[in-house]
Amino acid sequence: MRRLAIPGALVAAIVLVALAAPILGLPDPVQQDIAQRLSGPTAGSPLGRDEFGRDVLSRLIWGARASLTVAFASAAIACALGTLLGLLGGWFRGLGELLALRSMDIVLCFPPILLALLVVTLLGPGSGTLILVLAILFLPGFVRVTYAEVLSARSHDYVEAVRALGAGPLRILIVTVLPNVAGPILVQLSLAVAAAVVLESGLSFLGLGVVPPEPSWGLMIRGARATMAQAPLLLLWPCAVLTFTILAMNLLCDALRDWVDPRTASAVRLRAIDRVLPGLLPPARADAVLQVDRLTVEIDTPAGVIRPVDDVSFAVRAGETVAIVGESGSGKSLTAASVMGLLPPAARIAQGAALLDGTDLLRLDEAALRRLRGGAMAMVFQDPMSSLNPVHRTGDQVAEAILAHRPMPRAAARREAVGLFRRVGIADPERRANAFPHEMSGGMRQRVMIAMAIANNPRLLIADEPTTALDVTVQAQILDLLADLRRETGMALVFITHNLGVVAEIADRVVVMYAGQVVEQGETEAVFARPLHPYTRALLAAVPEGDEKPAGIPGVVPPPHALPPGCRFAPRCPHAAPACEAAAPSLESYDGRLVRCVRVAAWLRETASA
Amino acid sequence: MLVWTVRRILVSLVLIWIVATVIFTVIHLVPGDPAELLLSSGGMAPDPAAVAELRERLGLDRPFLEQYGAFLSGLLRGDLGASMIDEYPVIDEVLLRLPRTLELIAAGAILAVLIGIPVGTQAALRRGTVFDRATSATAALLLAVPIFVVGTLLVLVFAQWLRWMPAGGYVPLAQDPWQHLTLLTMPALAVAKGLVAVVFRMTRAAVLDSLSRDFVRTARAKGLSPSRILVHHVVRNAIIPVLTVLALHMGTLLGGTVLVEYVFNWPGMSTPLLKAVEARDYPMVVGIVLTISVLFVALNLVMDLVYAALDPRIRHA
């Protein structure tokens, strides 16, 4: 709303001055005085006089009146008529739709100025002709906007409901549709007024618009061209006023559009990534391909600093699969993004380390990270459709990954890509490598993504919900493929998912995350056989099994800026005790596993005695 | 793809036929007899015998449908009729002057692409910085200055004050290439001013949109260099909407150059058009408007085909 204020005030001021022209005590704008032609500023006329000795200031202000009258009149006519046509066309469909829309297509076949010239030829120049021409030119915009809005409104439930209640079409149009189209039409109206000022001045400049001696900015510029050597200011004044008016109107249009459609408004301000050096690090586990230590990610938000990933540690050995499990908002994807160096710009690493074969990824510069990404470590994403570039052939996209790390002739990379297609189980790989992403099924696209990821024999593959967007049968195939590849290559696999069923199938070990923290970590079989953390138990109970109705977890993950003081799961936990809310529990080793729960010992005693 | 192309071409042909018919019908529906208008001067009623003779010569005395038939068959043979004033064939006038108008538009479009796309990309990459704000503000200003104001001011500054180049005019390329290009500079700049702003804005928005896409993350995950990601993935995807908008505006320029040609005395289509409008020389107006509208439709067709080449998804839509 505030963005509307300044341009709105400017446009209002211009309109007010134009309206007030008769009462400002200005000299007659058409009164000639040849004796004073081209005279500079005098007491009676602060901006001087033009080539016929007419007062320039007076002509500027009366010219605004002429411009704005034409602009508003034509925009208003186009708005009224166009909205009506759009409403009728959108509501009654059929013949009305055909006539309303197709006739507009014909108008759009003419470049605007040409259409104007055509009409001027037929009707002769003058303000009336101008208004008619401009109204015709702007009509299609209003018809289309209204038509589109009516079509979308028709399908809304509330319109259906009103129709079902037996309301007549006119009533429905007025009561339900008009308020919805008001915003876009207002924007269209402001655009039309601004465009009308441009076209009116242009036609008048050509001598085909406003008829002399009536004042108009376009005519003033036309007249001043002849005397630009002696009196350049005569030219500059109308140019400046005209440009200023259009600029103010354009700004108002932009502000209106942002106001009506907030999606286009400017997004959050970005800030550069700054990394804080991590503190002293514990020695790396010798056999771990990836070791993440005390990783903490912070994001500055208007509500303060949040920690979507808080003190997360885990390790993956060669040939091992570790699953990171949690609901959305648990921080699992951000953890993966930190390792890959693909954090969104607003997020930063606050502390911790991520060692890939002993090298701390979090301390590498972008160039060094780039050599590792797609090389020693690779990633597969959730939605293969949006993750593949729609305009390049899939084979080329895989070859590109090869060429980024191993310079070779294009043809060789292309051949290797076809080989990778075969390896990930794509039938007819030569032909498929020539296909575009949209020509493939979801499962095949994900195979392409996997081919791209394994192109340079990575030591570490991170798969972020790789099967979530796929059909169940395809899911199983992709899981099998990943398991086979891991076995063949001995790469370490980090598998991120919210689906515990998938975990049981693929993972050696599992890391359960909740609200940015690891709450339980251990061998998959042990965790599934006897989950220690109440959240893990709740997740397991939520997996549908046979005919049993899965037990949902009450409540939602707390947002990162409103975490409970003690245990983050306490508000949703069936076993919560006062101790849980007193202090944040730490991650304790228990029975070969890590658990973050103060009541785990007590709970184990209870279940053992029961 | 072939079926799609053929259908698209057929639709364009039908559109052209409709446009021609609409122009013809409108001209003939308007009250007032062209012959009478042509012969009347200074409020004097023309000699009825002369009017009748002119009507017969122009074929205006024949039935409407017969005239329409003659008009259409003329079109098919590439005959747009002759000027009422000097009986010069319209098609010759069009063929002489159209290339000069197209040259202006092409020069303006090339300037717009060369400036608008790199600057728009930079502005998107440096979103929120001084550079971004300064270029965006400049674009807003360029959009607000009417094309004939820019033209007139260019003349004032470069021809009148600095005296770097003549205020306007035209020399054929074959006659004096250097002078030709000098005279082309200012009109091309005037044509480019709006296009640059439009291309800049669209590029900036499209690059910002592209940057947030998943495939850019994939490209980064592959370990591609920033320049390759930018050119091959970000800009390659952003270019499609930019071209759409450029084509749309080049279309409106087909008429918009009238103002530029007028300001710089560039002997394109506008001089005969304006003369014909003032003199109500119907065949000339119809011929020129029709030619430009056909070009307009053809431009849209060509752009549709270009997108299909650039964006594989469209070919199947």
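Owing to the predicted nature of the structure, the values given are computational and were not obtained by experimental measurement.

### Things to note about the packing of helix α5 (residues 90-125) of chain B against helix α8 (residues 177-211) of chain B
For any two helices packed against each other, the geometry is given by the interaxial angle and the distance between the axes. Residue and element names in this part refer to chain B. Running from N to C, α5 and α8 point in directions that differ by 35°, and their axes come no closer than 6 Å. As for the relative orientation of α5 and α8, their crossing is right-handed in sense. Its residues assigned to classes, the contact of α5 with α8 shows 24 nonpolar, five polar and one charged.

### Considerations on the interface of chain A and chain B
With 57 residues of chain A at the contact, the number on the chain B side is 57 residues. Taken together, the residues of the side of chain A that touches chain B sort by class into 38 nonpolar, 12 polar and seven charged.

### Thoughts on the sheet that holds strand β1 (residues 288-301) of chain A
Residues and elements named next belong to chain A. On the basis of which strands lie adjacent, the open sheet formed by four strands has the order β2-β1-β4-β5 and antiparallel pairing. Edge positions in the sheet fall to β2 (304-317) and β5 (359-360), since each of these pairs with one other strand and no more. Pairing between β1 and β2: nine bridges, direction antiparallel. Its bridge partner lying in β2, Val297 is registered against Val309.

### Remarks on the pairing of strand β4 (residues 347-356) of chain A
Residue and element names in this part refer to chain A. Buried residues dominate β4, accounting for seven of its 10 residues. Two elements, β1 and β4, share eight bridges in a ladder whose sense is antiparallel. Note on β4: the bridge partner recorded for Val292 is Ala354. Sheet topology note: the β4/β5 ladder contains two bridges and is antiparallel. Along β5, the bridge assignment pairs Leu356 with Thr359. Hairpin connection between β4 and β5: a loop of two residues separates the two successive antiparallel strands, and Asp357 in this loop has a positive phi of roughly 50°.

### Details of helix α13 (residues 394-405) of chain A
Residues and elements named next belong to chain A. The buried fraction of α13 amounts to 10 of the 12 residues, a majority that puts the element mostly inside the structure. Listed in full, the buried residues belonging to α13 are Thr394, Gly395, Gln397, Val398, Ala399, Glu400, Ala401, Ile402, Leu403 and Ala404. Of the surrounding secondary structure, the elements contacted by the buried residues of α13 are α14 (410-423), α15 (429-432) and α16 (442-453).

### Digging into the packing of helix α11 (residues 270-279) of chain B against helix α12 (residues 282-310) of chain B
Residues and elements named next belong to chain B. In contact at an axis separation of 8 Å, α11 and α12 are set at 140° when each is read in the N-to-C sense. By the angle between their axes, α11 is oblique relative to α12. In the crossing of α11 with α12, the sense of the turn from one axis to the other is left-handed. Residues Pro272, Leu273, Ala276 and Val277 of α11 touch α12, and the partners they reach there are Met284, Val285 and Ile288.

### Observations regarding the domain arrangement of chain A
Taken domain by domain, chain A holds domain 1 (2-260) and domain 2 (288-300 + 307-528 + 536-544). Each of domain 1 of chain A and domain 2 of chain A has a C-alpha centre, and these two points are 56 Å apart.

### Section: the sheet that holds strand β7 (residues 460-464) of chain A
All names here are of chain A. The eight strands lie next to each other as β6-β7-β8-β3-β9-β10-β12-β11, forming an open sheet whose pairing is mixed. Strands at the two margins of the open sheet, each flanked by one partner only, are β6 (377-380) and β11 (588-590). Direction aside, the axes of adjacent strands within the sheet are offset by 20° on average. Relative to strand β8 (residues 492-497), β7 runs parallel, the two sharing five bridges. Looking across to β8, one finds that Leu460 is bridged to Ala492. Those strands touched by helix α10 (residues 332-340) are β3 (321-325), β6, β7, β8 and β9 (509-514), and its axis lies near 150° from that of β7. Strands in contact with α16 are β6 and β7; relative to β6, the strand with the most contacts, it is inclined by about 175°.

The rules behind these values
Here the residue numbers are simple positions, counted from 1 along each chain's written sequence. Going through the entries in the order they are written, you letter the chains from A and number the ligands from 1. With the structure being a predicted model, the display of local features is reserved for residues of pLDDT at least 70 and the display and counting of side-chain atom pairs for 80 or more, all residues being used for whole-chain, interface and lining totals. Axis definition: a line fit to C-alpha positions, over the contact stretch in the case of helices; interaxial angles, taken between N-to-C directions, run 0 to 180 degrees. For helices the rule is a DSSP run of H or I covering at least 4 residues; for strands it is a run of E covering at least 2, with both sets numbered from the N terminus onward. By definition, turning the near helix anticlockwise from the far helix through less than a right angle yields a left-handed crossing, and turning it clockwise yields a right-handed one. Lys, Arg, Asp and Glu make up the charged group, whereas Ala, Val, Leu, Ile, Met, Phe, Trp, Tyr, Cys and Pro make up the nonpolar group; the residues left over, Gly among them, are polar. Whether two residues are in contact is decided by their C-beta atoms, placed from the backbone, lying within 7 Å. A pair of strands is considered paired only if DSSP assigns at least 2 bridges between the two. Partly exposed residues are those whose C-beta has more than 12 but fewer than 20 other C-beta atoms within 10 Å; with 20 or more the residue is buried, with 12 or fewer it is exposed, and the C-beta atoms are placed from the backbone. Here the angle decides the label: under 35 degrees means roughly parallel, over 145 means roughly antiparallel, 65 to 115 means roughly perpendicular, and every other value means oblique. For the domain bounds, the source is a domain assignment made automatically or taken from a database.

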